[in-house]
Amino acid sequence: MIKKYTLKGLGCANCAAKMETAIKKIKGVNDASISFLTQRLMLDADDEHLDEILVSAAAACQRIEPDCELKY
């Protein structure tokens, strides 16, 4: 199932691309897309493990850009 999440504090398109790549590598993620312009993450992931995936995705975002928060 595809879900949308807001990224607060996303500062640059390059960081968005790095975050997208990192999130796609998380186990259970089928696809991920980040739009720098809209500050949104479109996430296609397994519903059974969604909570764990979101925690990992938020950690990946903060590792790349410490001021960025994934709102879910």
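Shown above is the structure to which this text applies.
Parameters and conventions
- Residues numbered from 1 in each chain as written.
- Predicted model: local features only at pLDDT ≥ 70, side-chain atom pairs only at ≥ 80, totals over all residues.
- Heavy atoms only, no water.
- Helix = DSSP H or I, 4+ residues; strand = E, 2+ residues; numbered from the N terminus.
- Expected span 1.5 Å × (residues − 1).
- Buried < 20%, exposed > 50% of the residue type's maximum accessible area, 1.4 Å probe, protein only.
- Arc of directions from axis to C-beta.
- Contact = heavy atoms within 4.5 Å.
- Salt bridge = Lys/Arg side-chain N within 4 Å of Asp/Glu carboxyl O.

Draft legend 1. Highlighting helix 1 (residues 13–24). Taking 1.5 Å per residue, 12 residues should reach 16 Å; helix 1 reaches 17 Å between its end C-alpha atoms and fits that length. Residues of helix 1 that are buried include every one of Cys-15, Ala-16, Met-19, Glu-20 and Ile-23, and no others. The arc that holds every buried residue of helix 1, seen down its axis, measures 140°, which confines them to one face. Buried residues belonging to helix 1 abut strand 2 (29–35), strand 3 (40–45) and helix 2 (50–64).

Draft legend 2. View of the pattern of salt bridges. Considering all chains together, one arrives at 3 salt bridges under this definition. The residue Lys-24 makes a salt bridge to Asp-31 at a minimum N-O spacing of 4.0 Å. A salt bridge links Lys-71 to Glu-69, with the shortest nitrogen-to-oxygen separation between them at 3.2 Å. Here Lys-71 falls in the partly exposed class, since its relative accessible area comes to 37%. The class of Glu-69 is partly exposed, set by a relative accessible area of 35%. If you follow the salt bridges from partner to partner, you end up with Glu-20, Lys-24 and Asp-31 in one network.

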